[in-house]
Amino acid sequence: MFEVVIIGAGMAGATLAERFASSGKKVLLIERRRHVEGNCYDEVDANGILIHKYGPHLFHTDDAQVWEYLSRFTPWHLYFHRVKAVIDGKPVPIPFNLNTLREVFPQSTADKLEAALLRTFDYGKKIPILELKKSADADLQFLADFVYEKIFLHYSEKQWGLSPEKISGAVTARVPVFVGRDDRYFNDRFQAMPKFGYTRLVENMLAHKNIKLMLNTDFHEVTALRGEEIFLFGQRFDGQLIYTGQLDELFDKRFGELPYRSIDMQFDSVDAEKFQSAPVVNYPNNYDFTRITEFKQIHPAQSPRTTILREYPQAYVAGVNEPYYPLFTDEARAAYEKYSAELARFKNVTAVGRLAEYRYYDIDDAVKRALDVFDALN
Ligand code: UDP
């Protein structure tokens, strides 16, 4: 019978399922949704365009092991992600960089600010906005205040529903000023999209005779934790249990609900070849949505129409919408620690992935963590 049970068929769960199956173990993979690949799930829509149902997911990594591992299951389409943010009505490249300076300021101001950046920091460095704000240099202080106000503050308040001082360093570190002219959103060595999408990638990972996949199945229907033991179909289970869902659900929310942030994803079909000047355009200061993604610019498609997605952040409510981001406040982390201590009582249960570990994992982080967990359990 099964030697490993994995709850959740997203990127982390699928990686562990594939690794255990390939090492000869019989794996049961349980997924509540009717499809695999968690929030990276993608599908071709009525316009013939590959869309990401749960918001844009761009693959990038510096980790050769992760790149080589995933490359076994998909060919890639080379893709460098670019993002613009609308500042005072004009879309300009972000991360805010030396080109952006010239788009938003008159030449003399841009020259002065560029000189201040270059005499203070090494070329090619990314400086998190809050670090730049601490600068003693008056020009850098001016620039930091500008970027903070025009790019960070209102976007982040919308996105997280929190005042800025409650927003974690894990988030603010993602808003840098870049001392360079590279307009790409990421600087990683490997940047590409799975040629046929993430869903196909994961289907390829799971196409193994040792993997039994149960979709449309809540883990409560199949597994239970009682005392310090695991039960599977009502019988004691001595194998490994990997859990990739929300940790509060594993313990029936006994210490209260862990807060996550959700998004109302509003897709729209536009009767035009092209909608906007970059794959993603952020609207920090206008509108209730945070950004618009145009999927045709991520996965090229021949279509007279184009599909766009507007993201409206909202609170996560269990059973009503989807959990996308752990909310990284001190209170939320303290609550998570209680669940984590509870989990530690079970020697054969491991939490893996963005939801279960309550971390801002990117796709490559989730795969890397899954590969490391597999090594540790073998
Ligand atoms: N952010 C911001 N302004 C922007 C883009 C991002 O303030 O124009 C902040 C915001 O708090 C956001 C975080 O940076 O939640 C990460 O944004 P990113 O789009 O890089 O990540 P994703 O939401 O795609 O995980």
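Structural data are supplied above this passage.
First things first, this report covers the structure right here in the doc. (Residues numbered from 1 in each chain as written. Predicted model: local features only at pLDDT ≥ 70, side-chain atom pairs only at ≥ 80, totals over all residues. Heavy atoms only, no water.)

## Considering the environment of Asp364
Turning to its location among the elements, Asp364 is positioned in helix H12 (residues 363-376). If near-sequence neighbours (up to four positions away) are discounted, Asp364 is found in contact with Phe59, His60, Thr61, Asp62 and Val66. (Helix = DSSP H or I, 4+ residues; strand = E, 2+ residues; numbered from the N terminus. Contact = heavy atoms within 4.5 Å.)

## Concerning the site of the ligand
The full set close to the ligand counts 15 residues, and Ile151, Ser156, Tyr185, Tyr325 and Tyr360 are the nearest of them. Between the ligand and Phe152 there is a distance of 3.2 Å, counted from an oxygen atom to a backbone nitrogen or oxygen. With respect to the ligand, the side chain of Tyr185 contributes an N or O atom lying 2.7 Å from an oxygen atom. Alone, the ligand offers 520 Å² of accessible surface; in the complex the protein occludes 92% of this. A total of six residues in the shell around the ligand trace back to one element, the largest contributor, which is helix H6 (residues 138-160). Its residues assigned to classes, the shell around the ligand comprises ten nonpolar, three polar and two charged. (Near = heavy atom within 4 Å. Polar contact = N/O pair within 3.5 Å; in protein donor to acceptor, adjacent residues only side chain to side chain. Areas by Shrake-Rupley, 256 points an atom, 1.4 Å probe, with all protein chains shown as cover. Nonpolar A, V, L, I, M, F, W, Y, C, P; charged D, E, K, R; others polar.)

## Quick look at the sheet that holds strand S5 (residues 60-61)
Hydrogen bonds along the backbone pair up the strands of a sheet, which may run parallel or antiparallel. Spatially, the three strands line up as an open sheet ordered S5-S11-S6, and their pairing is antiparallel. For this open sheet the edge positions go to S5 and strand S6 (76-78), each flanked by a neighbour on one side alone. Sheet topology note: the S6/strand S11 (residues 190-194) ladder contains three bridges and is antiparallel. Looking across to S11, one finds that Leu78 is bridged to Ala192. (Pairing = 2+ DSSP bridges.)

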